[in-house]
Amino acid sequence: MTDVDTGSRDRLAVAVLAQYRMATTEQMHLILSPDVRIEQTRRRLAKLRGEGLIDRVTLPQAGRTRVWYTTRYGAQVASEWPELRGRRPPRGAHDRTAVRLGVGHGLTVTQTALAFLQDARRHGDLCQPLDWIPEVHHPLGGREAVIPDALLYYRSHDTGRADGSEEGGAMLRAFVEVDRATMGPERLAAKLGAYARLHAYVPAPPPGTRPRLAVQEASWRRHYPLFPRLLFILDCTGPAGIHTRLKALEAAARQPAHTPLLRDVPVLAAPMPDLLQHGPAAPIWHPINGTDQRVAWTHTRHP
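Parameters and conventions
- Residues numbered from 1 in each chain as written.
- Predicted model: local features only at pLDDT ≥ 70, side-chain atom pairs only at ≥ 80, totals over all residues.
- Heavy atoms only, no water.
- Helix = DSSP H or I, 4+ residues; strand = E, 2+ residues; numbered from the N terminus.
- Buried < 20%, exposed > 50% of the residue type's maximum accessible area, 1.4 Å probe, protein only.
- Contact = heavy atoms within 4.5 Å.
- Areas by Shrake-Rupley, 256 points an atom, 1.4 Å probe, with all protein chains shown as cover.
- Phe/Tyr/Trp six-rings, centres within 6.5 Å; stacked < 30°, edge-to-face > 60°.
- Pairing = 2+ DSSP bridges.
- Axes fitted to C-alpha atoms, helices over the stretch in contact; angles between N-to-C directions.
- Expected span 1.5 Å × (residues − 1).
- Lys, Arg positive; Asp, Glu negative; His and termini not counted.
- Salt bridge = Lys/Arg side-chain N within 4 Å of Asp/Glu carboxyl O.
- Polar contact = N/O pair within 3.5 Å; in protein donor to acceptor, adjacent residues only side chain to side chain.

Asker: Give a description of the overall build of the chain that names residues and reports values.
Answerer: For the chain, the helix and strand inventory stands at 10 helices and 12 strands. Across the 303 residues of the chain, 50% fall into the buried class. In the chain, the proportion of contacts linking residues at least 24 apart, taken out of those at least 6 apart, comes to 61%. Of the roughly 15500 Å² of accessible surface on the chain, a fraction of 51% belongs to carbon and sulfur atoms.

Set out below in structure tokens:
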């Protein structure tokens, strides 16, 4: 049984890196095996590196932190597994230089995933490492698309506090945007418009389809029973900067074109320091409809 467990942990380690793009040694330890000594995780990663499945870059700052990612071979192996079938890694995902240059955003997104995973463990909810899926492509026609930083699947044990209740808990879904203040507040707020277009987007019927026989429905309904919640996480700026960015989101929410989205979908924003200190399930989220009361994202309901 030990060998079976070792093989499953090895597989999960490769799958996590293939899906998350990158993670530090400590992040991998907390994602995979927080109940064992970190030395075991280090040995596991070293073994997988020796097998050519993963590799690492070492950052000169922050105590020479090691950042792990899959090699092209490792990603090819993982892409054959059912849990990762159909996932396409972005360009540069296996390039050492591209990984090094992308660590600021990439590791912050991984840290956000870890916050949700740890919160689920604390509260008895169900959120597995592969329930965090970065960069899911949602086409809008032509060459335009909405690509959230992550799509989150999260099953709450409390069937009375959220929508989509099923036996064993309520399935929650969320699009997650991690904002590191690398763009101005207006560009951040413009993302709300992209999600509003996705909420309304109905693909044209295939060529040759008789119009009256074509099913006219929004494209997202093919993948989700309800449009996922939209969570903005604000990082790399102080309280004044967070306030400015919240106000930009609230101003965008008042635009008439965004009304259908805001009417049907909970849209919330939270500062990253609050997320890491209190956990995502705490009432740290600001509804961007302008109300001052903070809420827990798991308690919000679709109308």
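Asker: How would you sum up the packing of aromatic side chains? Please name residues and give values.
Answerer: All chains considered together, the criterion is met by seven aromatic pairs. For the pair F175 and Y195, a centre-to-centre distance of 5.5 Å together with 35 degrees between the ring planes defines the contact as tilted. On the criterion of sequence distance, the pair formed by F175 in strand β9 (residues 169-179) and Y195 in helix α7 (residues 185-200) is long-range, its members being 20 residues apart. For the pair formed by F175 and Y195, the shared burial category is buried. When the centroid spacing of 5.8 Å and the interplanar angle of 85 degrees are considered together, the rings of F175 and Y224 count as edge-to-face. One end of the pair, F175, is in strand β9; the other, Y224, is in the loop between α7 and β10 (229-234), and 49 residues separate them in sequence. Judged by its relative accessible area of 0%, F175 falls in the buried class. Counting every residue linked through ring pairs, the aromatic cluster contains F175, Y195, W220, Y224 and F227.

Asker: Outline the sheet that holds strand β2 (residues 54-58), listing residues and values.
Answerer: Ordered by their spatial adjacency, three strands build an open sheet running β1-β3-β2, and the pairing between neighbours is antiparallel. Each of the sheet's edge strands pairs with one partner strand only, and the pair in question is β1 (23-24) and β2. Where β1 and strand β3 (residues 66-70) come together, two bridges link them in antiparallel fashion. The residue bridging T24 from the neighbouring strand is V67, located in β3. In this fold helix α3 (residues 38-50) packs onto β2 and β3, with an angle of close to 115 degrees to the strand it touches most, β2.

Asker: Describe helix α6 (residues 103-123), and please don't skip the residues or the numbers.
Answerer: Think of an α-helix as 3.6 residues a turn; residues three or four steps apart then line up on the same face. Here α6 is 21 residues long and its end C-alpha atoms lie 30 Å apart, about the 30 Å a rise of 1.5 Å per residue gives. Two residues or fewer after α6 comes G124, characterised by a positive phi angle close to 75 degrees.

Asker: How would you sum up the side chain of D149? Please name residues and give values.
Answerer: Relative to the helices and strands, D149 resides in the loop between β6 (145-146) and β7 (150-156). K191 provides the closest opposite charge to the buried, salt-bridge-free D149, at an N-O distance of 4.8 Å. A distance of 3.1 Å separates a polar atom in the side chain of D149 from a polar atom in the side chain of H105. A distance of 2.7 Å separates a polar side-chain atom of D149 from the backbone nitrogen of V178. Aside from chain neighbours lying at most four places away, what touches D149 is H105, V109, P134, E135, V176, E177 and V178.

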